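Summary of the model geometry
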Amino acid sequence: MTDSVKDKVIRIIAEQAMLEPSDIEMTQSLQDIGIDSLGLVESIFAIEEEFDIQVPFNANEPEASEFDISSVAAIVGAVEGLVAAQKS
Amino acid sequence: MKRVVITGAGTINALGQSVRETMEAMREGRCGIGPLDIRDVDRLTVQIGAQVKGYHEQDRFNRQQIALYDRFTQFALIAATEAISQAGLEFQGELSQRAGVVMGTSGGGLTTQDENYRAVYEEGKNRVHPFVIPKLMNNAAASHISMQFNLQGPSFTVATACASSNHAMGQAFAMIRSGMADAMVTGGTESMLCFGGVKAWEGLRVMSKEACRPFSATRNGMVQGEGAGMFVFEELEHAKARGAEILAEVIGFAMSSDAADIVMPSKKGAARAIAGALKDGRIDPGEVGYINAHGTGTAANDKTECAAVADVFGHHANDLMISSTKSMHGHLIGGTGAVELLACVMALRDGIIAPTIGYEEPDPECALDVVPNEAREAHVDVVLSNAFAFGGLNAVLALRRYAA
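Under an unreviewed UniProt entry, the name given to chain B is Nodulation protein E, and the source organism is Palleronia marisminoris. Per UniProt, chain B has the following entry under Sequence similarities (unreviewed entry): "Belongs to the thiolase-like superfamily. Beta-ketoacyl-ACP synthases family." What the UniProt record of chain B gives under Function (unreviewed entry) is the line "Proposed to synthesize NOD factor fatty acyl chain. Involved in the synthesis of a highly unsaturated fatty acid moiety, which forms part of a lipo-oligosaccharide that is responsible for host specificity."

Where an unreviewed UniProt entry is consulted, chain A appears under the name Acyl carrier protein AcpXL, with the organism given as Palleronia marisminoris.

When helices and strands are counted, chain B shows 15 helices and 14 strands. On C-alpha atoms alone, chain B measures out to a radius of gyration of 20 Å, which is about the 22 Å that the 2.2 N^0.38 rule sets for 404 residues. Expressed as lengths along the three principal axes of its C-alpha atoms, the size of chain B is roughly 65 × 55 × 40 Å. A buried classification covers 58% of the 404 residues belonging to chain B. For chain B, restricting intrachain contacts to residue pairs at least 6 apart in sequence, the fraction spanning at least 24 positions comes to 80%.

Within chain A one finds four helices and zero strands. Here chain A has a C-alpha radius of gyration of 12 Å; the compact-globule value for 88 residues is 12 Å, and the two agree. Counting across all 88 residues of chain A, residues that qualify as buried make up 20%. The long-range fraction of contacts in chain A, counting pairs at least 24 apart against all pairs at least 6 apart in sequence, stands at 51%.

This part takes up the domain arrangement of chain B. Quite often, the size of an interface is put as the accessible area lost when its parts meet. Residue and element names in this part refer to chain B. Splitting chain B by domain gives domain 1 (4-241) and domain 2 (252-400). Facing the 63 residues of domain 1 at the interface are 55 residues of domain 2. For the side of domain 1 that touches domain 2, the secondary structure elements donating two or more residues are β1 (4-13), α1 (19-28), α9 (164-177), β6 (183-190) and β7 (227-235). No other element matches the eight residues that α9 contributes to the side of domain 1 that touches domain 2.

This part is about the sheet that holds strand β9 (residues 288-292) of chain B. Strands belonging to one sheet form pairs held by backbone hydrogen bonds; the direction of such a pair is parallel or antiparallel. All names here are of chain B. The strand order across the open sheet formed by ten strands is β5-β4-β6-β7-β1-β8-β14-β13-β9-β10, and the pairing between neighbours is mixed. The open sheet has two edge strands with one neighbour each: β5 (156-158) and β10 (321-323). Each strand axis lies, on average, 25° off the axis of its neighbour in the sheet, ignoring direction. As paired strands, β1 and strand β8 (residues 248-257) are joined by three bridges and run antiparallel to one another. Within β8, the residue paired with Val-4 across the bridge is Val-250. Sitting on the sheet, helix α4 (residues 71-87) is in contact with β1, β4 (99-104), β6 and β7, with an inclination near 140° to β1.

Moving on, we come to helix α13 (residues 299-313) of chain B. All names here are of chain B. Here α13 spans 21 Å end to end across 15 residues, near enough to the 21 Å set by a 1.5 Å rise per residue. Among all positions of α13, only Asn-301, Asp-302, Thr-304, Glu-305, Cys-306, Ala-308, Val-309, Val-312 and Phe-313 are buried. The inward-facing, buried residues of α13 contact α12 (267-280), β9, β10 and β13 (382-388). Of the residues trailing α13, Gly-314 is marked for its positive phi of about 60°.

Contact with chain B, which involves four residues of that partner, is made by five residues of chain A. Residues that form the side of chain B that touches chain A fall into these classes: two nonpolar, one polar and one charged.

The next point concerns the nonpolar core. Side chains that are nonpolar tend, in soluble globular proteins, to be buried together. Counting residues in hydrophobic clusters, the biggest one holds 130 residues, and the most contacted among them are Ala-76, Phe-233, Ile-274 and Val-383 of chain B. Taken domain by domain, the makeup of this core includes at least three residues from each of domain 1 (4-241) and domain 2 (252-400) of chain B. Within the second largest apolar cluster, 15 residues are counted, among which are Ile-35, Ile-69, Ile-75 and Val-79 of chain A.

A few words on the UniProt feature "domain: Carrier" (unreviewed entry) in chain A. As annotated in UniProt, the feature "domain: Carrier" (unreviewed entry) corresponds to residues 3-83 of chain A in the numbering used here. Along residues 3-83 of chain A one finds 54% helix and 0% strand; the C-alpha atoms at either end are 14 Å apart.

Moving on, we get to unusual backbone geometry. Residue and element names in this part refer to chain B. You will see that Asp-40, though not glycine, has its phi angle at about 65°, which is positive. Note that Asp-40 resides in the loop between β2 (34-35) and β3 (48-49). Backbone geometry places Arg-205, a non-glycine residue, at a positive phi of 60°. Its location among the elements puts Arg-205 in the loop between α10 (195-203) and β7.

This brings us to the pairing of β7 of chain B. Residue and element names in this part refer to chain B. Extensive coverage of β7 is indicated by the burial of nine of its nine residues. Across the two faces of β7 the burial is the same, with Gly-227, Gly-229, Phe-231, Phe-233 and Glu-235 and Ala-228, Met-230, Val-232 and Glu-234 all buried. Sheet topology note: the β6/β7 ladder contains eight bridges and is antiparallel. What sits directly across from Glu-190, in β7, is Gly-227.

About the criteria used
- Residues numbered from 1 in each chain as written.
- Chains lettered and ligands numbered in written order.
- Predicted model: local features only at pLDDT ≥ 70, side-chain atom pairs only at ≥ 80, totals over all residues.
- UniProt positions renumbered as here; feature names shortened; annotations may be inferred.
- Helix = DSSP H or I, 4+ residues; strand = E, 2+ residues; numbered from the N terminus.
- Rg over C-alpha atoms; globule rule 2.2 N^0.38 Å.
- Buried ≥ 20, exposed ≤ 12 C-beta atoms within 10 Å, placed from the backbone.
- Contact = placed C-beta atoms within 7 Å.
- Domains from an automatic or database assignment.
- Pairing = 2+ DSSP bridges.
- Axes fitted to C-alpha atoms, helices over the stretch in contact; angles between N-to-C directions.
- Expected span 1.5 Å × (residues − 1).
- Nonpolar A, V, L, I, M, F, W, Y, C, P; charged D, E, K, R; others polar.
- Core = buried A, V, L, I, M, F, W, Y, C linked by C-beta atoms within 7 Å.

Written as structure tokens, this is what we have:
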């Protein structure tokens, strides 16, 4: 069975934070996990590469981006949306 | 004016991954040039170079660092770490604000550019890693050194092709001498041995396919190298107060511009830089015992350089020694003067003159004592290091043996 979007996103975030996937909680923000702004940009790059999608994210104003990065759960949800939109 | 001394040295290049290994290779006249081991080498006409072998970035840096450090930055950090460790300086408090980095490089993160152009043009990718810019920028090496060692004073990168590191070290020297800084980390770094880097150089038709034989009648061009050389320049009283070991004193520096041709060197421009360094250091020409030549192994450079030395020194040109260590470590372009300054330090401190290896036949137009093939023991008090860049930008440093 292939990994779900959620598993893959968590694996990318965990790798960026140098943690085990089991250490990541869905309610945590990237800040909680210890990922800084450069780490965020690198994670988004890894997500784009993994799913072959375009993530609408502008590092100048992360809050105003359509892509919700407020928590791990939000990121997973946003990526699931992008993956679904790509398939349709 | 303050006096400036060298209290630390570090390097990584084709001859060795430390100053000790490099000087040992220079003493033995070992050649670091060999077949290039890079991607698509079969599409290159020139397939030799002085590559840093047995180097694995994973052994030196962690994954996060590698994501940000191009090979030229890695080399610079390795050399700077060795130099600062030898100097024994800790940059804290006021010293950290009175200390900076002046780095010489020509190509900067050329390998990063090469890899990413390949990805978008050849492989048709539409997305590149987010750190491409901070990785390839020319000042990345200087910035990472300043971050790692807390150097908060004046820091920047100088790019004058083959003279970059001499220009950089000249700036560091001037800043300490004028009182602007107490200590400077300075030198040069280069990593152009990638497909695009070598391919671009092929275009000029100045590269040898066999060997670098400076001053030899049989020479047929330059050979590229890679690596870094870094030094700690320190104000003399500052170094003495903390009992630092002094490797040599930097006593003079001069720059000139040929203002003539974008690639062909000029005897007058080179001579003005050499004479300028003597004047700046109040050096009697007769005191100069050794010159580390620019000595690229091209017909244009070697003849012009020998003529310039003959012009400046007159009869004394026949008494001094002049060698090109590029025959061993290749031409490190923006990092070359820094690695070559190690030969100058070795001459002053250890009394060993590094040879010009690969020398086969005398050339009447280069009729100086080029220390052919074997190192020589000699006592010298003052040495020069020449660098004459494409674009006609020249920079010459003068060092003196330090006696307490």
